[in-house]
Amino acid sequence: MPQIATVVAYGSLMSGLGLASLAPLPVHDAHRVRLAGCRRGFGKLSQYGDRFAMVLEPTRPGTPIRATRIEPETPRDDGGVDALALTLPISELARIAQREGYRADAFLALAR
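All figures in this text were calculated on a predicted structure; none of them were measured in a lab.

*Asks:* What's the story with helix α2 (residues 93-100) in this structure? I'm lost.
*Replies:* Helical geometry note: an α-helix holds 3.6 residues per turn, so side chains three or four residues apart project in the same direction. When α2 is considered as a whole, its buried residues turn out to be Leu93, Ile96, Ala97 and Arg99. Viewed along the axis of α2, the buried residues span an arc of 165 degrees, placing them on a single side of the element. Of the residues flanking the end of α2, it is Gly101, one or two places downstream, whose phi is positive at about 85 degrees.

*Asks:* Even after reading the chapter, I still don't get the side chain of Arg34, so can you show me in this structure?
*Replies:* Along the chain, Arg34 falls in strand β2 (residues 29-36). Engagement of the side chain of Arg34 in a polar contact is seen with the side chain of Asp82, the distance being 2.7 Å. Ignoring any residue separated from it by four or fewer positions in sequence, one finds Arg34 in contact with Arg66, Ala67, Thr68, Ile70, Thr74, Pro75, Arg76, Asp77, Gly80, Val81 and Asp82.

*Asks:* Would you mind showing me how to read the pattern of salt bridges here?
*Replies:* Note that side chains of opposite charge can pair when their charged atoms are close. Counted according to the given criterion, the structure contains six salt bridges. The shortest N-O distance in the salt bridge between Asp82 and Arg34 comes to 2.7 Å. Residue Asp82 is found in strand β6 (residues 81-89), and its partner Arg34 is found in strand β2; the two are separated by 48 residues along the sequence. On the basis of relative accessibility, which here comes to 18%, the residue Asp82 falls in the buried class. In this structure, the salt-bridge partner of Arg95 is Glu92, at a minimum N-O distance of 2.7 Å. Owing to a relative accessible area of 15%, Glu92 belongs among the buried residues under this scheme. Members of the salt-bridge network, linked through shared partners, are Arg32, Arg34 and Asp82.

Scoring rules and cut-offs
- Residues numbered from 1 in each chain as written.
- Predicted model: local features only at pLDDT ≥ 70, side-chain atom pairs only at ≥ 80, totals over all residues.
- Heavy atoms only, no water.
- Buried < 20%, exposed > 50% of the residue type's maximum accessible area, 1.4 Å probe, protein only.
- Helix = DSSP H or I, 4+ residues; strand = E, 2+ residues; numbered from the N terminus.
- Arc of directions from axis to C-beta.
- Polar contact = N/O pair within 3.5 Å; in protein donor to acceptor, adjacent residues only side chain to side chain.
- Contact = heavy atoms within 4.5 Å.
- Salt bridge = Lys/Arg side-chain N within 4 Å of Asp/Glu carboxyl O.

Here it is in structure tokens:
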């Protein structure tokens, strides 16, 4: 069985548009999650240079952001941020890191 990791996708990765450059991406599982302990924000200019990238900012520095799986019928909650959890082989994390502008070795170290 391959080693797997779960990545929380937000912004363009969540919409699927960001996954187009990664196709085909061998996702083992995908489900909606609600994040707590964070708020939406804007980061650097996107790779296209004409809009800001979306980021999640912790509401309390030093406190982890928590994710809880939610079902399609789960009502919207103004206190949380909805995202997409993708479970995929660890070997695919380098491609996601490159797409997001992170160093692949640093991203892979988080999975170990």
